[in-house]
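Structure at a glance
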Amino acid sequence: MAIQSSIPRFTPITFLFLLLLSTCPHSILPYDVTHLLTQFPDLSDFTSLLSSTAVAADLADRSSLTLLVVPNSHLRSDVRPSSATLPDVLRYHVLLEYLSWSDLRRLPDNGRLVTTLFQTTGRATSNSGSVNITYDADSGDVTVHSETSNATVLSLVQTIPYNVSIFSLSSLLIPYNLDLMASETRPTLGLNITKALIDGHNFNVAASMLTASGVVSEFEGDEGGAGITLFVPTDEGFADLPSSVRFQSLPAEKKAMVLRFHVLHSYYPLGSLESIVNPVQPTLATEENGAGSFTLNISRVNGSVGIDTGIVQASITQTVFDQNPVAIFGVSKVLLPREYFGRNSIEAKKPSDGGGVVAQPPDIALPPGDSPASNGPPSHLSSPPGVEMRSEAGNAVRVLRTMLGLWCIGLCSLLL
């Protein structure tokens with residue numbers, strides 16, 4: 001009697017299926033934490049605080065995290081979006097790993113130290129950017145401890161294994177040496193920004209523009225708040241603007257907006273910029289035009305801090321002034337926002353030592369509203385070059401991935 005082999009037979013189509021599984025990209029589950037929170041009305045105040053700061057954007061780049069939120073009834077009444085330290089307090093409520101209920105109930109008796117997003121900013125002293133989580137087997141309570149405050153986990157709000165868990169807390173956690181009322185109690189530095197630029201030399205053009213526009217008074221008024229970080233183009237940076245960039249022809253209000261585009265509404269010393277967690281940073285212009293607009297991409301490039309506007313890539317050349325809460329850095333180029341100057345800027349190449357032809361940059365168009373021939377609202381034809389092509393290409397990739405995934409699932413079901 002023949003013994004039937006228990007080893008499964010692999011047909012060519014089975015091998016094809018296995019090959020597809022091994023080569024299909026493993027995508028990270030996309031999620032919008034603030035969107036998840038909007039489903040819970042009792043968390044609306046905390047969600048609003050999260051959305052009003054850059055912390056919401058910080059979360060978008062994380063593949064796994066645990067968020068600790070505080071219900072409206074447990075949130076302190078003195079927590080306001082204007083607080084200088086609010087973003088770091090919120091970052092203190094973001095644990096940099098996925099934790100489930102079962103994980104919390106398996107904690108050792110002495111608890112476990114978990115790193116928060118605040119620790120990655122470089123502003124946390126020692127281990128003050130971590131929290132200790134303990135589990136009491138008798139009462140079943142899970143407690144989150146900081147050096148200055150404790151809070152009890154109330155419930156599991158939502159979980160998406162193994163990407164995000166959201167737990168509610170009995171109170172807000174405050175990191176060591178942070179004061180939520182700092183924006184109202186910290187004395188102003190009283191720095192004359194224009195004078196600091198003139199004393200720093202090579203910033204005469206920027207100093208005169210700041211004075212003429214009147215925005216310098218806005219910047220100095222922010223010194224007593226969360227602080228400010230200014231990126232100031234050198235005189236050479238202004239001189240190197242291509243003739244096609246009609247910067248001086250901008251209306252006064254838009255010229256002032258470009259100057260606000262050079263300022264972050266937080267104090268960042270050079271070390272923090274070099275190790276910044278979220279490269280996409282809102283500017284003072286963002287606050288007036290809405291989230292996602294007038295942002296700067298800041299990263300470390302070739303040993304220095306690079307600043308990318310989408311059409312201009314500049315770098316920090318020197319530190320003009322650095323004393324909390326004001327940091328002023330010289331930058332190699334004028335930071336041109338894509339919202340005003342398009343996205344297809346190509347700089348002229350420098351001639352080589354042996355002599356060469358300098359390529360002329362293409363025209364950088366102003367927004368449709370500044371063109372004499374423009375009447376009425378802009379259409380989709382006036383979008384910056386390349387935006388729609390990139391959007392269509394991205395959609396096509398997503399459609400192909402979806403079709404491939406469905407095909408793989410259908411093939412699997414047939415084989416089984």
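Each value, and the rule that gives it
Residues numbered from 1 in each chain as written. Predicted model: local features only at pLDDT ≥ 70, side-chain atom pairs only at ≥ 80, totals over all residues. Heavy atoms only, no water. Helix = DSSP H or I, 4+ residues; strand = E, 2+ residues; numbered from the N terminus. Core = buried A, V, L, I, M, F, W, Y, C linked by side-chain atoms within 4.5 Å. Buried < 20%, exposed > 50% of the residue type's maximum accessible area, 1.4 Å probe, protein only. Contact = heavy atoms within 4.5 Å. Salt bridge = Lys/Arg side-chain N within 4 Å of Asp/Glu carboxyl O.

In this structure, alanine 239 sits in helix 11 (residues 235–239). Residues alanine 239 and lysine 333 lie 94 residues apart in sequence; the distance between their C-alpha atoms is 9.2 Å.

With that settled, the discussion passes to the nonpolar core. Ile193, Phe231, Phe247, Leu273 and Ile328 are the most contacted members of the largest nonpolar core, which has 55 residues in total. Broken down by element, the residue count for this core peaks at 5 residues, all from strand 14 (residues 326–331). The residues touching leucine 273, leaving out its near neighbours within four places in the chain, are Phe231, Leu264, Tyr268, Ile298, Val305, Ile316 and Phe329.

As a further point, take the pattern of salt bridges. Tallied over the full model, the rule gives 9 salt bridges. Among the ionic pairs, glutamate 274 bridges to arginine 300, the shortest N-O distance being 3.2 Å. Placement of glutamate 274 in helix 13 (residues 270–274) and of arginine 300 in strand 11 (residues 295–301) is noted, with a sequence separation of 26 residues between them. Among the residues examined, glutamate 274 registers a relative accessible area of 33% and is labelled partly exposed. Overall, the relative accessible area of 47% leaves arginine 300 in the partly exposed class. A cluster of three or more residues bridged by salt bridges with shared partners is formed by Asp58, Asp88, Arg91 and Arg123.

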